[in-house]
Structure formats: structure tokens, C-alpha cells
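Descriptive structure summary
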Amino acid sequence: MDWRLNADPAALRERYTTARPFPYIALDGLFPDALLEGVLAEFPKPGEIPWQHFDSPTEKKLGYTYGAPLGPRLQSFLWQMSAPPVLQFLEALTGIEGLIPDPYFGGAGPHQIEPGGFLKIHADFNWHPLLKLDRRLNLIVYLNREWREEYGGHIELWDREMTRCERKVLPVWNRTVVFNTTDFSYHGHPEPLASPPGATRKSVSFYYYSNGRPAEERSAPHDTLFRKTHERDW
């Protein structure tokens, strides 16, 4: 399917770069509904593919295992999101030049959270050990039709000092969240999902890299950095 992103990145750039608590944007209807309908139709159910199972005090979710079988429309979507038109859109939106997709989808791809699942607040890993590149950008596409506020599953964006949540975004159908990846872009879905049985929180994530990053963002390579929001946390 031939498709275009339904937004003008240049017109959104100031909104993106000045957002709090860190550069981000939430866009509704960025993709044609028909495209995402095809992706949703092929989105694997729990147990349908060899999902990577995360079950710990900091995360309880299903993640994509590179090489797991996917339907042709979902597979095509993954590859199209690595193509030049998307990279150019993101560069114009964020001001980050020379973005590089990850052909291995390390940590990215389809994600699914079942009722009771969560992902505690964290800053993402900052370095691709195989490609030797700096992680710069996250893009998450939500695929949840008729999602209600009371189900929860919001992605929360926290301030640099981890004193408060500054933004909450409900993961509704055809909503896309883009944000810079740094040691202080704290985000997550910390409260257990309250959706009905069988209603899972579905998303497809994409991570983008560059060869180098601004000096003020540099740090030693590290894995995911989880942060507590309550004393009772792990």
C-alpha cells in the first residue's frame, strides 16, 4: 500500500523541541487508518508467536523476538518505517540529522501488555552494541480501538528529577508518540493495566540511532535505567 504520513513535520518542529518534560509529540491520525487496520489484523495474539516474556518487578509485558513469524502487512510496516521518507520526516520534526534505523529491531517491533501488566518508569538503553550507534529517538504507534480512560495504560512522561509526571498520553487507536531518547527522558506505563480480560495494550515501537550525539547527552553505554515512583516499588 502506498501511504504518506499525515502531518507537516516542519510546522510541528517548534512544538516538538520545546515540549516538556523533554522533546516529544503525540499525533493522532498520522497513518492512514486502512494501513493500521491491516497491521492490527495481523497483530499476533499472546501465545501465537514466540513472544519474549518479561515478568519482573519492573516490567510485565510481551516483546518481539527478532525473526519471529509475522504477517506480510505487519512485516511490511516494520520495513517501511525504516525507509527514507520516514527518516526524513523524523529529521525535519526533531532536528536530529542522520537518523539510522535498526534492521535487527533490538527491543523494538510489536509490543503487547496483558491485563495487570506494566512497564515501570525508565530511561532507555543508550547504545546499540552491534551497530555501535547512539540511540536518539523512540516512535510508538498505538493500535487500541475503543480504548477507555479507565483501562489505563497511559504512557507517562516524568521530569528530569523524577519528582512528578508531567504528561500522560492514553494509548488510543492511531496515536503516535515520538520523543528524544536520553538518560533523562523518563517514561513508562507504571500502573497495572486495568483493561477487561482479553483486551491487551498493543503497540509497535521503532528506535532510531545516529553516529554520535551532542556532548551534553553523552554517557557511558548502559542498559535500561529503571526509576522508582513509589517507595513500594521493587
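Please refer to the structure placed before this passage.
Right, let's walk through the structure included here. (Residues numbered from 1 in each chain as written. Predicted model: local features only at pLDDT ≥ 70, side-chain atom pairs only at ≥ 80, totals over all residues. Heavy atoms only, no water.)

1. What about the overall build of the protein chain?
Inclusion rule: In DSSP terms, a helix is any run of H or I states spanning at least four residues, a strand is any run of E spanning at least two, and both are numbered starting from the N terminus. The quantity called the radius of gyration is restricted to C-alpha atoms. Its globule counterpart is 2.2 Å times the number of residues to the power 0.38. When accessible area is computed with a 1.4 Å probe and restricted to protein chains, residues below 20% of their type maximum are described as buried, those above 50% as exposed, and intermediate ones as partly exposed. Contact between two residues is taken to exist if any of their heavy atoms lie within 4.5 Å; hydrogens are not considered.
For the protein chain, the count of helices and strands is 4 helices and 14 strands. In summary, the protein chain has a C-alpha radius of gyration of 17 Å against a globular reference of 17 Å for 234 residues, a match within 12%. Across its three principal directions, the C-alpha atoms of the protein chain cover 50 × 45 × 35 Å. Counting only residues that meet the buried cut, the protein chain has 53% of its 234 residues in that class. Partitioning the contacts of the protein chain with sequence separation of at least 6, the portion at a separation of at least 24 is 82%.

2. Examining the packing of aromatic side chains
Each aromatic ring pair is characterised by the separation of its centres together with the angle its planes make. To be explicit about the condition: Only Phe, Tyr and Trp rings are paired, with Trp represented by its six-membered ring, and only when their centres lie within 6.5 Å; those with planes under 30 degrees apart are stacked, over 60 edge-to-face, the remainder tilted. By the criterion adopted, a ring carries a charge over it if an Arg CZ or a Lys NZ lies within 6 Å of its centre and within 35 degrees of its normal.
Within this structure, the stated rule accounts for 11 aromatic pairs. For the pair Phe 31 and Phe 77, a centre-to-centre distance of 5.5 Å together with 80° between the ring planes defines the contact as edge-to-face. Here Phe 31, found in the loop between strand E1 (24-28) and helix H2 (33-41), pairs with Phe 77, found in helix H3 (residues 72-80); they are 46 residues apart in sequence, far enough to count as distant. The same class applies to Phe 31 and to Phe 77, which are both buried. Pairwise contacts between aromatic rings join Trp 3, Phe 31, Phe 77 and Phe 206 into one cluster. Over the face of the ring belonging to Phe 54 we find Lys 61, whose NZ or CZ atom lies 5.1 Å from the ring centre. Between Arg 135 and the ring centre of Tyr 207, over which it is positioned, the NZ or CZ distance is 3.6 Å.

3. Structural notes on helix H1 (residues 9-17)
Quick note on the threshold: Directions are taken from the helix axis to each C-beta atom, and the arc is the one they span. Here a polar contact means two N or O atoms within 3.5 Å. Within protein one must be a hydrogen donor candidate and the other an acceptor candidate, and residues neighboring in sequence count only if both atoms are side-chain atoms.
Buried within H1 we find Pro 9, Leu 12 and Tyr 16. The arc that holds every buried residue of H1, seen down its axis, measures 65°, which confines them to one face. Of the residues in H1, the exposed ones pointing more than 90 degrees away from the buried face are Ala 10, Ala 11 and Glu 14. Elements in contact with the buried residues of H1: E1, helix H4 (84-94), strand E8 (133-142) and strand E11 (175-180). Structurally, the start of H1 carries an N-cap: the backbone nitrogen of Ala 10 is 3.1 Å from a side-chain oxygen of Asp 8.

4. A closer look at a nonpolar patch on the surface
Put simply, the test is: Nonpolar side chains (Val, Leu, Ile, Met, Phe, Trp, Tyr) within 5 Å and like charges within 9 Å form the patches, drawn only from residues with over 30% relative accessible area and no salt bridge. Note on areas: these come from Shrake-Rupley sampling with a 1.4 Å probe, and a residue is covered only by the protein chains present in the view. For this analysis, a salt bridge means a side-chain nitrogen from Lys or Arg found within 4 Å of a carboxyl oxygen belonging to Asp or Glu.
On the surface, Tyr 66, Tyr 104 and Leu 130 cluster together into a nonpolar patch covering about 330 Å² of accessible area. Tracing the chain through its elements places Tyr 66 in the loop between strand E3 (59-63) and H3.

5. Here we look at the side chain of Glu 42
One can find Glu 42 in the loop between H2 and strand E2 (52-55). Here Leu 74 takes part through its backbone nitrogen, which lies 2.9 Å from a polar atom of the side chain of Glu 42. Not counting chain neighbours up to four residues away, the residues in contact with Glu 42 comprise Gly 71, Pro 72, Arg 73 and Leu 74.

6. Things to note about the environment of Glu 156
Within the secondary structure, Glu 156 is located in strand E9 (residues 155-158). Along the sequence, Glu 156 and Glu 191 sit 35 residues apart, while their C-alpha atoms lie 9.8 Å from each other. With residues up to four places along the chain from it excluded, the contact list for Glu 156 reads Ile 121, Cys 165, Arg 167, Lys 168, Tyr 186, His 187, Gly 188 and Pro 190.

7. Side note on the packing of H1 against H4
In a packed pair of helices, the relevant descriptors are the angle between the two axes and the axis-to-axis distance. To keep it simple, the criterion reads: Axis definition: a line fit to C-alpha positions, over the contact stretch in the case of helices; interaxial angles, taken between N-to-C directions, run 0 to 180 degrees. By definition in this entry, angles of less than 35 degrees are roughly parallel, angles greater than 145 are roughly antiparallel, angles of 65 to 115 are roughly perpendicular, and the rest are oblique. Each residue gets one of three labels, nonpolar for Ala, Val, Leu, Ile, Met, Phe, Trp, Tyr, Cys and Pro, charged for Asp, Glu, Lys and Arg, and polar for the others, Gly among them.
Where H1 meets H4, the axes come as close as 6 Å, and the angle between the chain directions of the two elements is 50°. Considered as vectors, H1 and H4 are oriented oblique to each other. Mapping the contact onto sequence places Pro 9, Leu 12, Arg 13, Tyr 16 and Thr 17 in H1 and Phe 89, Glu 91, Ala 92, Leu 93 and Thr 94 in H4. Considering only residue class, the contact of H1 with H4 consists of 6 nonpolar, 2 polar and 2 charged.

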